[in-house]
Amino acid sequence: MSMEDDRTTGSLSWIVQLQRYLALNSAGDAGHLAERRSLLEKLQASPCTAESWAGFLMNEEAILASGPSGRSSKANPVLAQLYQRAIELVPRSRGHASEEYMYLWVGHARHLW
């Protein structure tokens, strides 16, 4: 079993939290729904990559901000839990960290404040 397998199976709760988040948060229009589906497929295929998590979370924050209430993503505790799961699943970067990796940590920190 690889380290990535250990990370994924050791944190299966991310799938439960993701399903909970999706059940509570509508994607809105058809365009957002199609984008969400595409990003979900990438995330489920590669749950230990910063790119798949960052793409999904950026899209979700945009959906929340563009909704009728213009809600802040900080008002969504389940989204904060997804940031937590993302930083747990994505291996720490050595040397140069990608923008996506940094986005996950900054997003997580933003939800803590």
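Residues numbered from 1 in each chain as written. Predicted model: local features only at pLDDT ≥ 70, side-chain atom pairs only at ≥ 80, totals over all residues. Heavy atoms only, no water.

Here we look at the packing of helix α2 (residues 13-24) against helix α4 (residues 50-66)
Put simply, the rule reads: Lines fitted to C-alpha atoms define the axes here, with helix axes fitted over just the stretch in contact, and angles between the N-to-C directions of these axes take values from 0 to 180 degrees. Only DSSP runs of H or I reaching four residues or more are called helices, and only runs of E reaching two or more are called strands; each is numbered from the N terminus. Any angle that falls under 35 degrees is termed roughly parallel, while one over 145 is termed roughly antiparallel, one within 65 to 115 roughly perpendicular, and all others oblique. Note on convention: the crossing is left-handed when the near helix lies turned anticlockwise from the far helix by less than a right angle, right-handed when the turn is clockwise. Any two residues whose heavy atoms approach within 4.5 Å are treated as being in contact. Here the term charged refers only to Asp, Glu, Lys and Arg, the term nonpolar to Ala, Val, Leu, Ile, Met, Phe, Trp, Tyr, Cys and Pro, and the term polar to all other amino acids, Gly among them.
Direction vectors running N to C along α2 and α4 enclose 20°, while the axes themselves pass 13 Å from each other. In terms of axis orientation, α2 runs roughly parallel to α4. The handedness of the crossing between α2 and α4 comes out as left-handed. The segment α2 lies against α4, with Trp14, Leu18, Tyr21 and Leu22 engaging Trp53, Phe56, Glu60 and Leu64. Class assignment of the residues belonging to the contact of α2 with α4 gives a composition of seven nonpolar, no polar and one charged.

Here's the deal with the pattern of salt bridges
Cut-off, in case you're wondering: By definition here, a salt bridge exists when the distance from a side-chain nitrogen of Lys or Arg to a carboxyl oxygen of Asp or Glu is within 4 Å. Exposure is judged per residue with a 1.4 Å probe applied to protein chains only, and the accessible area is read against the type maximum: over 50% gives exposed, under 20% gives buried, and values in between give partly exposed.
Across all of its chains, the model carries three salt bridges by this definition. One salt bridge connects Glu60 with Arg36, and the closest N-O pair in it is separated by 2.6 Å. With Glu60 in helix α4 and Arg36 in helix α3 (residues 30-45), this residue pair connects regions lying 24 residues apart in the sequence. Residue Glu60 is classed as buried on the basis of its relative accessible area, which comes to 0%.

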